[in-house]
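Coordinate inspection notes
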Amino acid sequence: MKKKICMFLVGAMCLAGLSGCGDKKDDKKSETSEKVTTEAGTNEGSSGVIADMKAKYADSVTLYDQYKSVKYTPSKTEVTDNDIEREKASLISKGTTTENVTTGIATYGDAVNIDYTGYVDGVAFDHGSTEGKGTEITLGSSGYIDNFDEQIVGHKPGDSFDVVVTFPDPYQNDETLSGKKAIFDTKLNSIVVKKVPEYNDELVKSQTSYATTAEFEQAMREKLKEENAENDKSRDKQNIATTVVNNSNISQYPEEEMQHLIDSMISQVSQLAESNGVDLTTLISYYYGLQTEDEFKDYISEYVQNYMRQKMIIVAVAKAENIDVTTEEYDTKKQELMANYNLTDETSFSQYYSTDDVYYMILAEKVVDFLYENAVVDDGSSSGDNSEVMDLITTEAATGTTTGTTTEAATEATTEAATEAK
């Protein structure tokens, strides 16, 4: 599945994870907090980082002439009966238990626990074994190669037997195995039986703090209503900000900075693939849905240009409206990031975020809030109480291309590549 380019404010986080948005040589200067004088005035305790951004980007931007009065239609997502059914299904799943049964015969549709070691030409190959830890698959839908599943059907728990398969040609996970015949020394440990509970008051009491199904369903409606309202507000903010971005103009991009970001991102992803034992083509195919390195370079180039456009326009609004970021806000955001992503010291933090990155994240949130607070609904009324600070840089946006999430994607790719029975 190709990851779409996130169209608003994800760059601050993703580029931070891949060597940072800011020029590292400026970090020493950026870390110095002082009184900064801008065209808009003097700000006690404000950051030189933001002043530098304004001086660097704002003059190349012509802002949308209605950026302070963007018209929008407020989102309104209702809670449906289907939503409640999903909550009920989730509760049932939570209450479902499994039992490893050592009697009976494995049939299609059964979940089974197996161990195996794969051999090609009598030699065990890398990553082709469960190493005695057992793995659970569902017969008929495991996704394992060739006719692996059907050779387990009919066996009893405790049986040891050979599963003979032929790897596809080509076999992208490991080209050395392409077209090779393999023998998996397999043991069926157990048949995994799921016990699905009935949805009733007893289940609700055992899994939640509610006493009846009616109480549970009402609570879920209220919870979903609040979540929908929060998501609707975030969506409105993003739509308003995107309107400003789409209707503003940029006369000149910082080409050297953009090329640096492109090169850094490509280099980091290449290193990530290498460190996980996966070639770059495999990783970008799995995670981005792209087939060649040239396609990946084009993708990154487009991403960086979108990111830079958004950043320049955000900074231009900040300059026009004298929006700044204090050192106290920087310190608070930094501690929040360290806690959220388990970064325990300055060294680990600086590997993922430059000083500029953190300042820009805060600035972006402030600018988007400003645009939302000044936006106008279609009927001409005020947009209402907009005191909440939007977490526009969501967990997916914040980690979509960061080392954290990219590492997760690479781990998935590595796991798939390493599981040779798949």
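Just so it is clear, the structure is predicted and the values come from calculations on it, not from any experiment. For every chain, the first residue of the written sequence is number 1, and numbering continues from 1 onward in sequence order. Totals for whole chains, interfaces and linings use every residue, but because this is a predicted model, local features are given only for residues with pLDDT of at least 70 and side-chain atom pairs only at 80 or more, for both listing and counting. Where side-chain values are given, they derive from all heavy atoms of the structure, hydrogens and water being excluded.

**Things to note about unusual backbone geometry**
- Between D169 and the following residue, P170, the backbone shows a cis peptide bond with an omega angle of 5°.
- Numbering of helices and strands runs from the N terminus; a helix is a DSSP stretch of H or I covering at least four residues, while a strand is a stretch of E covering at least two. Tracing the backbone shows P170 in the loop between β9 (160-166) and β10 (181-195).
- Positive phi outside glycine occurs at D121, with the angle close to 55°.
- Within the secondary structure layout, D121 lies in the loop between β6 (111-120) and β7 (123-129).
- On the basis of relative accessibility, which here comes to 71%, the residue D121 falls in the exposed class.
- Here H127, not a glycine, exhibits a phi torsion of approximately 60°, which is positive.
- Checked against the element boundaries, H127 lands in strand β7. Summary of the burial criterion: residues with accessible area below 20% of their type's maximum are buried, those above 50% are exposed, and those between are partly exposed, where the area comes from a 1.4 Å probe applied to protein chains only.

**Some details on the environment of H260**
- Topologically, H260 is positioned in helix α7 (residues 255-275).
- For the pair H260 and V304, spaced 44 residues apart in sequence, the C-alpha separation works out to 10.0 Å.

**Observations concerning the pairing of β10**
- Across 5 bridges, strand β5 (residues 97-101) lies against β10 in antiparallel orientation. Bridging across to β10, T98 finds its partner in K194.
- Inspection of the sheet shows β6 paired to β10 by 9 bridges, in the antiparallel sense. Opposite I114, over in β10, you have L188 as the bridge partner. In this description, strands pair whenever DSSP reports at least two bridges between them.

**Remarks on the pattern of salt bridges**
- Salt bridge criterion: a side-chain nitrogen from Lys or Arg within 4 Å of a carboxyl oxygen from Asp or Glu. Applying the stated criterion across every chain yields a total of 15 salt bridges.
- Between R221 and D81 there is a salt bridge, with the nearest N and O atoms lying 2.9 Å from each other. With R221 in helix α6 (residues 213-247) and D81 in helix α4 (residues 81-95), the pair connects residues that are 140 residues apart, well separated along the chain.
- One salt bridge connects E99 with K195, and the closest N-O pair in it is separated by 3.1 Å.

**Here's the deal with the packing of aromatic side chains**
- For this analysis, a ring pair means two rings from Phe, Tyr or Trp (six-membered ring only for Trp) whose centres lie within 6.5 Å, classed as stacked if their planes differ by under 30 degrees, edge-to-face if by over 60, and tilted for the remaining angles. Within this structure, the stated rule accounts for 16 aromatic pairs.
- Judged by centre distance (5.8 Å) and plane angle (75°), the ring pair of F125 and F167 falls under edge-to-face. With a gap of 42 residues between them, F125 in strand β7 and F167 in the loop between β9 and β10 connect regions that are remote in the sequence. Each of the two residues, F125 as well as F167, counts as buried.
- With a centroid separation of 6.5 Å and an interplanar angle of 90°, the aromatic rings of Y307 and Y360 are classed as edge-to-face. Remark: Y360 occurs in helix α12 (residues 355-374) and Y307 occurs in helix α9 (residues 293-320); sequence separation between them is 53 residues. The same class applies to Y307 and to Y360, which are both buried.
- A connected cluster of aromatic rings, assembled from ring pairs, spans Y116, F125, Y144, F148, F167, Y171 and F184.
- K311 extends its terminal NZ or CZ atom over the ring of Y360, reaching a point 5.3 Å from the ring centre. Lysine and arginine charges are scored as sitting over a ring when NZ or CZ, respectively, is within 6 Å of the ring centre and within 35 degrees of the ring normal.

**Here's the deal with the pairing of β7**
- Pairing between β6 and β7: 3 bridges, direction antiparallel. Residue pairing for β7: T117 is matched across the bridge by S129.
- The antiparallel pairing of β6 with β7 creates a hairpin that spans 2 residues between the two strands, and D121 there sits at a positive phi of about 55°.

**Points about helix α10 (residues 327-340)**
- Given a helix with a known number of residues, its expected span is that number minus one, times 1.5 Å. Helix length check: α10, at 14 residues, gives a terminal C-alpha distance of 20 Å against a target of 20 Å (1.5 Å per residue), a fit within 8%.
- Among all positions in α10, only T327, Y330, K333, K334, L337 and M338 are buried. Take α10 and look down its axis: the buried residues cluster within an arc of 135°, on one side only. In α10, those exposed residues whose orientation departs by more than 90 degrees from the buried face are E328, T332, Q335, A339 and N340. Each C-beta atom gives one direction from the helix axis, and the arc is the one those directions make.

**So, helix α8 (residues 280-288)**
- Along α8, the positions that sit buried rather than exposed are L280, T282, L283, I284, Y287 and Y288.
- Here a polar contact is recorded for every N or O atom pair within 3.5 Å, except that within protein the pair must consist of a potential hydrogen donor and a potential acceptor, and residues adjacent in sequence are included only if both atoms are side-chain atoms. Here α8 starts with a cap whose side-chain oxygen sits 3.2 Å from the backbone nitrogen of T281, and that cap is D279.
- Phi turns positive one or two residues past the end of α8, at G289, with a value near 75°.

**Details of the environment of V278**
- The topology assignment puts V278 in the loop between α7 and α8.
- Exposure remark for V278: the relative accessible area of 7% places this residue in the buried category.
- In the structure, V278 is positioned 105 residues away from N173 in sequence and 8.5 Å away in space, judged by C-alpha atoms.

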